[in-house]
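Survey of secondary and tertiary structure
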Amino acid sequence: MKSLVDIEESYDDELELLQVAEKCTELQKAFAEAYVGPARWNAMEAARLAGFSPSGIVQMSSYCLNAPHVRAYILILLRHAGRDTLVSSRRVVQELSAIAYSDITDVMDIDSAGVVTLKEGKLSNLPEPVRVAIKKIKVRGSAEAQTVELEFHDKMKALQMLGAMGVEAEEAAERKEQGFTG
């Protein structure tokens, strides 16, 4: 199965994409809108929200994710969202890849004495893909005896979302390495 990014790159012409997407039924459009909206890339939830029969949710969610016309409609939604919110499917893949392939050693070093230091001296100097993976930072104590707690975004959820978008693991890791360009 091709990823949304691959499919997006195969449609140079917006008109061609629209022609493929117009084959969608109203229910399939509702699925796509829920998928990129309130279902947050969860296909079964999108199928439920779209109004598919509860007994057919698993089958229909899989069908919709693999149907070229539904995927084209999802791309149209992403492109239009991108115009409004500066989000593109490529950027979503880059963000999710940064989370999925994050590593604590991208952020901190521990020397032989057990002293932990932030790489690059301060958080703002870390590369964007590394910063994106950090969900929360808690700093406790005084300047002399400070405790810093880092929490990363959920790697498994990011991997699941990448999989739902049809992005292969190697491609996602490659996109993280390429950094943020779009």
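By convention here, each chain's residues receive numbers from 1 onward along its written sequence. Selection of residues for local features in this predicted model requires a pLDDT of at least 70, selection of side-chain atom pairs for listing and counting requires 80 or more, and totals for whole chains, interfaces and linings are taken over all residues. Note: side-chain values were computed over all heavy atoms of the structure, leaving out hydrogens and water.

**A word on the overall build of the chain**
Secondary structure elements follow DSSP: runs of H or I of four or more residues count as helices, runs of E of two or more count as strands, with numbering from the N terminus. Scanning the chain from terminus to terminus reveals 10 helices and 4 strands. If you list the helices and strands of the chain from N to C, you get α-α-α-α-α-α-α-β-β-α-β-β-α-α. Every one of the 182 residues in the chain was classed for burial, and the buried ones make up 39%. In what follows, a contact means two residues having at least one pair of non-hydrogen atoms within 4.5 Å. Across the chain, contacts joining residues at least 24 apart in sequence account for 64% of those joining residues at least 6 apart. Using a 1.4 Å probe, the Shrake-Rupley method yields the accessible areas, and only the shown protein chains count as cover for residues. Carbon together with sulfur atoms contributes 53% to the accessible area of the chain, which is approximately 10400 Å² in total. For every residue, the accessible area (1.4 Å probe, protein chains only) is compared with the maximum for its type, and the residue is labelled buried under 20%, exposed over 50%, or partly exposed between those bounds.

**Notes on the nonpolar core**
Buried residues of nine kinds, namely Ala, Val, Leu, Ile, Met, Phe, Trp, Tyr and Cys, make up a nonpolar core once their side-chain atoms join them within 4.5 Å. Ranked by size, the top nonpolar core spans 40 residues in total, and within it Phe31, Tyr35, Trp41, Phe52, Val70, Leu96 and Met165 carry the most contacts. When residues no more than four places from it in sequence are discounted, the contact partners of tyrosine 35 are Arg40, Trp41, Asn42, Ala43, Ala46, Leu65, Ile74, Ala164 and Met165. Counting residues in each nonpolar core, the second largest holds 5 residues, with Met108, Leu126, Val130 and Ile134 among its members.

**Re the packing of helix H3 (residues 26–36) against helix H5 (residues 57–66)**
Axis lines are fitted through C-alpha atoms, for helices just across the contact stretch, and the angle between N-to-C directions can take any value from 0 to 180 degrees. The contact between H3 and H5 brings their axes to 11 Å, and the two run at 85 degrees. When the interaxial angle is binned, H3 and H5 end up roughly perpendicular. Taking contact as the criterion, the partners of Gln28, Phe31 and Tyr35 in H3 are, on H5, Ser61, Tyr63, Cys64 and Leu65. Under the scheme applied here, ten amino acids are nonpolar (Ala, Val, Leu, Ile, Met, Phe, Trp, Tyr, Cys and Pro), four are charged (Asp, Glu, Lys and Arg), and all others, including Gly, are polar. Split into classes, the residues belonging to the contact of H3 with H5 amount to 5 nonpolar, 2 polar and no charged. Any angle that is under 35 degrees is reported as roughly parallel, and any over 145 degrees as roughly antiparallel; angles of 65 to 115 degrees are reported as roughly perpendicular and all others as oblique.

**Things to note about unusual backbone geometry**
The phi torsion of most residues other than glycine is negative, and most of the peptide bonds are trans. Although it is not a glycine, arginine 40 adopts a positive phi angle of roughly 50 degrees. Along the chain, arginine 40 turns up in the loop between H3 and helix H4 (43–50). The exposure class assigned to arginine 40 is exposed, which follows from its relative accessible area of 62%. In this structure, tryptophan 41 is a non-glycine residue whose phi angle is positive, near 70 degrees. By secondary structure assignment, the location of tryptophan 41 is in the loop between H3 and H4.

**Quick look at the pattern of salt bridges**
Close approach of charged atoms lets side chains of opposite charge pair. Each reported salt bridge corresponds to a side-chain nitrogen of Lys or Arg within 4 Å of a carboxyl oxygen of Asp or Glu. Counting across every chain of the model gives 6 salt bridges. In this structure, lysine 119 engages aspartate 109 in a salt bridge whose closest nitrogen and oxygen atoms are separated by 3.8 Å. Within this pair, whereas lysine 119 is found in the loop between strand S2 (116–118) and helix H8 (128–132), its partner aspartate 109 is found in strand S1 (residues 108–110), the two being separated by 10 residues in sequence. Taking the relative accessible area as the measure of exposure, lysine 119 reaches 25% and is therefore partly exposed.

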